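Here is what each chain is made of, one letter per residue.
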Amino acid sequence: EAFFDVVSNKNKPFIVKTSGISITAYGTSFNVKAYPEKRTITATLVEGKIKVEGTNRDKKKFAFVLAPNQNVVIEKDPLPVQPEETPGSEKNIASNQHKLIPPEYKSIRLNEQINTLPYISWKDKRWVIEKESLDDLIVSLERRYNIKITFDARELRNFTFTGIIQNETFE
C-alpha cells in the first residue's frame with residue numbers, strides 16, 4: 001500500500017504497476033492498496049486524475065479514468081503459486097523455486113463520491129476507520145504497529161468497526 005502525491009510531467013509519466021494493473025498519474029494525489037494476500041486491489045483518487053488499466057477474466061482490456069473522490073476496486077481470483085520447471089527435468093514441487101502466476105480479475109467496480117479518508121488516513125496520526133471487519137482491522141493494526149495479533153474469537157471476525165484512532169500507540 002502506498003500514497004502518492006505526483007506532479008504532472010508529460011515527458012515522464014508516473015506509472016504504478018501491480019498485479020497486472022497499471023495506474024497512470026496525471027498530477028494527482030492517490031492511494032493504491034494491493035497486498036498479494038488480499039482478494040482486492042483498490043486505487044483511490046483524492047485530487048487530480050488517474051487512469052487504471054488492466055485485463056479482466058475474459059482477457060478483455062479495461063480502463064477507468066477517475067475523478068476526485070472515486071475509486072476502483074478490483075476483485076481478483078487468486079491462483080496458486082506454481083513450481084518452476086527446469087529444462088530437461090520433472091516439476092520439483094518440494095523445491096523453493098516458485099514463480100507467481102498473475103491473478104485473474106473477477107469483478108471491477110467503480111465507486112463514485114466516496115469519502116477518501118478511510119482509504120488514505122492509514123498513513124496519518126488521525127486514522128479514520130469505516131465499517132472495517134475485525135478480521136481486516138487486525139491485519140491493519142499489525143502493519144501499523146509492526147506486531148503480531150492473535151485473535152481466537154472466530155465468531156467476531158466479521159463484526160465491523162467504525163471510529164478514529166488518533167495519536168495512539170499500540171499500548
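Residues numbered from 1 in each chain as written. Predicted model: local features only at pLDDT ≥ 70, side-chain atom pairs only at ≥ 80, totals over all residues. Heavy atoms only, no water.

Caption draft 1: Spotlight on the nonpolar core. Residues Ile-21, Ile-23, Phe-30, Val-32, Ile-50, Val-52 and Ile-74 are the most contacted members of the largest nonpolar core, which totals 19 residues. Broken down by secondary-structure element, the contributors of at least two residues to this core are strand 1 (2-6), strand 3 (21-25), strand 4 (28-33), strand 5 (40-47), strand 6 (50-55), strand 7 (61-66) and strand 8 (70-77). Not counting the four nearest positions on each side in its chain, Ile-21 is found in contact with Val-16, Ile-41, Val-52, Glu-53, Gly-54, Phe-62, Ile-74 and Tyr-105. Trp-127, Leu-141, Tyr-145 and Ile-165 belong to the second-largest nonpolar core, a separate cluster that totals 6 residues. (Core = buried A, V, L, I, M, F, W, Y, C linked by side-chain atoms within 4.5 Å. Buried < 20%, exposed > 50% of the residue type's maximum accessible area, 1.4 Å probe, protein only. Helix = DSSP H or I, 4+ residues; strand = E, 2+ residues; numbered from the N terminus. Contact = heavy atoms within 4.5 Å.)

Caption draft 2: Looking closely at the pairing of strand 3. Across the 5 residues that make up strand 3, a large majority, 5, are buried. Of the two faces of strand 3, both are covered, the one formed by Ile-21, Ile-23 and Ala-25 as well as the one formed by Ser-22 and Thr-24. As paired elements, strand 3 and strand 6 share 4 bridges and run antiparallel to each other. Bridged to Thr-24 within strand 6 is Lys-51. (Pairing = 2+ DSSP bridges.)

Caption draft 3: Region of interest: the packing of aromatic side chains. Using the criterion set out here, one finds 4 aromatic pairs in the structure. Aromatic pair Phe-62 and Phe-64: ring centres 6.2 Å apart, planes at 50 degrees, arrangement tilted. Overall, the relative accessible area of 22% leaves Phe-64 in the partly exposed class. Here Lys-123 stacks its cationic end above the ring of Phe-3, 4.4 Å away from the centre of that ring. (Phe/Tyr/Trp six-rings, centres within 6.5 Å; stacked < 30°, edge-to-face > 60°. Lys NZ or Arg CZ within 6 Å of the ring centre and 35° of its normal.)

Caption draft 4: Molecular detail of the sheet that holds strand 1. The sheet built from 5 strands is open, its strands ordered 1-4-5-8-11 with antiparallel pairing. Strands at the two margins of the open sheet, each flanked by one partner only, are strand 1 and strand 11 (104-111). The sheet shows a mean angle of 15 degrees between the axes of neighbouring strands, taken without regard to direction. (Axes fitted to C-alpha atoms, helices over the stretch in contact; angles between N-to-C directions.)

Caption draft 5: Just the environment of Gln-166, in detail. With respect to the helices and strands, Gln-166 occurs in strand 13 (residues 160-166). Gln-166 sits 39 residues away from Trp-127 along the chain, and the two C-alpha atoms are 6.1 Å apart. Engagement of the side chain of Gln-166 in a polar contact is seen with the side chain of Arg-126, the distance being 3.5 Å. (Polar contact = N/O pair within 3.5 Å; in protein donor to acceptor, adjacent residues only side chain to side chain.)

Caption draft 6: Molecular detail of the sheet that holds strand 7. Read from one edge of the open sheet, 4 strands run 2-3-6-7, paired in antiparallel fashion. Of all the strands in the sheet, just strand 2 (14-18) and strand 7 have a single pairing partner and so form its edges. Between one strand and the next, the sheet's axes are offset by a mean angle of 15 degrees, whatever the strand orientation. Alignment of strand 6 against strand 7, held across 6 bridges, turns out to be antiparallel. Pairing of Ile-50 across the sheet is with Leu-66, part of strand 7.

Caption draft 7: Summary view of the confidence of the model for the protein chain. Mean pLDDT over the protein chain stands at 86; residues scoring 70 or higher make up 85%. This stretch, residues 80-86, has a pLDDT under 50; its non-local contacts, to residues over four places away or in other chains, come to 16 contacts. This model gives residues 88-100 a pLDDT under 50, and the stretch forms 15 contacts once residues within four places in sequence are excluded. (pLDDT = per-residue confidence, 0-100.)

Caption draft 8: How the structure looks around the side chain of Ser-22. As for its placement among the helices and strands, Ser-22 is situated in strand 3. With relative accessibility at 16%, the residue Ser-22 sits in the buried group.

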